[in-house]
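Here's the letter readout for the chains.
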Amino acid sequence: MWIIRSSLYIFHPQGAPASWWNHLHFQHHAKPNCFRKDPDINMHPLFFALGKKLSVELGVKKKKYMPYNHQHKYFFLIGPPALIPLYFQWYIFYFAVQRRQWMDLAWMISFYVRFGMTYIPLLGIGGTISIFILVRFLESNWFVWVTQMNHIPMHINYDENKEWMSTQLQATCNVDQSFFNDWFSGHLNFQIEHHLFPTMPRHNYSKVAPLVLSLCKKYGIDYQSKPLFTAFADIVHSLKESGELWLDAYLHK
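The structure contained in this document is the topic of the report that follows. Source: prediction; values computed, not measured. (Residues numbered from 1 in each chain as written. Predicted model: local features only at pLDDT ≥ 70, side-chain atom pairs only at ≥ 80, totals over all residues. Heavy atoms only, no water.)

Some thoughts on the nonpolar core
Here is step 1 of the chain: Counting residues in each nonpolar core, the largest one holds 37 residues, and the members touching the most others are Trp20, Leu50, Phe75, Met149, Ile235 and Leu239.
Here is step 2 of the chain: Every element with two or more residues in this core is listed here: helix H2 (18-30), helix H3 (52-60), helix H4 (71-78), helix H5 (83-98), helix H6 (102-148) and helix H11 (228-252).
Here is step 3 of the chain: Here this core gets 7 residues from one element, more than from any other, and that element is H11.
Here is step 4 of the chain: Beyond its immediate stretch of four places on either side in the chain, leucine 239 contacts Phe48, Leu50, Gln71, His72, Phe75 and Ile152.
Here is step 5 of the chain: Core analysis: the next-biggest nonpolar cluster, separate from the first, contains 12 residues, Ile192, Val212, Cys216 and Tyr223 among them. (Core = buried A, V, L, I, M, F, W, Y, C linked by side-chain atoms within 4.5 Å. Buried < 20%, exposed > 50% of the residue type's maximum accessible area, 1.4 Å probe, protein only. Helix = DSSP H or I, 4+ residues; strand = E, 2+ residues; numbered from the N terminus. Contact = heavy atoms within 4.5 Å.)

Written out as structure tokens, the structure is:
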């Protein structure tokens, strides 16, 4: 049954292997924003300097793979528009072949066959390639902004071996509930609840959110929720701050 669901929802409609997504996403949920344990922050330090402590550490060691003090600018070039069309697009095939996931690979190929059969008769080969790139480009922008608004501005460091709830809350924030925010993010504006209850159906997040907030207040755990565009802006602000911390450490420490 799991194979059938994966085929219907990921392999064939998206052209990506469910085993690849599970391999990465399970690690992310287990140790969010923990360097070398959360693959979602593997962009540090090759492309970005993430987190205050890690950025200072990078500067003290005089490491410079990119001009990190400008990362809040080049994020708009190599972050949202490039993740899926350039990185994911080749890596999913590499992942399937490396792990010999031949069934996954066959289902992925079926996506491209179906896509070509649908659009080549209407748009030709050039038009089909163009619409494929456009769709991946739009998908990538949505994916990066929606998934990173809850994590990049939060605490990023090595694993500090805290208990489950504190580990999730220090690395995760919510975006305020509204009809648009719920729809636009696919209920991932309730990222805290998504991390605490990863198997819960998303339409139930709003029901448990008040209980989680009450529990956090009781035990003095920070529960952050912010407006949507503030969350977007915080990604850029946090990159700018960590880039400046890296530069100061690189030059003066």
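Comments concerning the packing of aromatic side chains
Here is step 1 of the chain: Per the stated rule, a full pass over the model turns up 31 aromatic pairs.
Here is step 2 of the chain: Centroid distance tryptophan 20 to phenylalanine 88: 5.0 Å. Interplanar angle 80 degrees. Geometry classified as edge-to-face. Of the two residues, tryptophan 20 is situated in helix H2 and phenylalanine 88 in helix H5; the sequence distance between them amounts to 68 residues.
Here is step 3 of the chain: On the basis of relative accessibility, which here comes to 15%, the residue phenylalanine 88 falls in the buried class.
Here is step 4 of the chain: On the basis of an interplanar angle of 70 degrees and a centroid distance of 6.3 Å, the ring pair of tryptophan 21 and phenylalanine 143 is categorised as edge-to-face. One end of the pair, tryptophan 21, is in helix H2; the other, phenylalanine 143, is in helix H6, with 122 residues separating them in the sequence.
Here is step 5 of the chain: Judged by relative accessible area, phenylalanine 143 falls into the buried class, the value being 17%.
Here is step 6 of the chain: The rings of Trp20, Trp21, Tyr87, Phe88, Trp90, Tyr91, Tyr94, Phe95 and Phe143 are connected pair by pair, giving a single aromatic cluster. (Phe/Tyr/Trp six-rings, centres within 6.5 Å; stacked < 30°, edge-to-face > 60°.)

Remarks on the packing of H3 against H11
Here is step 1 of the chain: Relative to each other, H3 and H11 sit at 30 degrees, their axes nearing to 7 Å. The pairing of H3 with H11 is recorded here as roughly parallel in orientation. Where H3 crosses over H11, the handedness of that crossing is right-handed. Contacts between H3 and H11 involve Lys52, Ser55, Val56, Leu58, Gly59 and Val60 from the former and Glu241, Ser242, Leu245, Trp246, Ala249 and Tyr250 from the latter.
Here is step 2 of the chain: Partitioned by chemical class, the residues of the contact of H3 with H11 number 7 nonpolar, 3 polar and 2 charged. (Axes fitted to C-alpha atoms, helices over the stretch in contact; angles between N-to-C directions. Parallel < 35°, antiparallel > 145°, perpendicular 65-115°, else oblique. Left-handed = near helix turned anticlockwise from the far one by under 90°. Nonpolar A, V, L, I, M, F, W, Y, C, P; charged D, E, K, R; others polar.)

Comments concerning the pattern of salt bridges
Here is step 1 of the chain: Under the counting rule described, the total for this entry stands at 7 salt bridges.
Here is step 2 of the chain: Put simply, lysine 52 and glutamate 241 hold a salt bridge, and the shortest N to O gap is 3.6 Å. Here lysine 52 is found in helix H3, whereas its partner glutamate 241 is found in helix H11, with 189 residues between them in sequence.
Here is step 3 of the chain: Given a relative accessible area of 36%, glutamate 241 falls into the partly exposed group.
Here is step 4 of the chain: A salt bridge links lysine 240 to glutamate 244, with the nearest nitrogen and oxygen atoms 2.6 Å apart. Here lysine 240 pairs with glutamate 244, and both are found in helix H11, just 4 residues apart, close to one helical turn. (Salt bridge = Lys/Arg side-chain N within 4 Å of Asp/Glu carboxyl O.)

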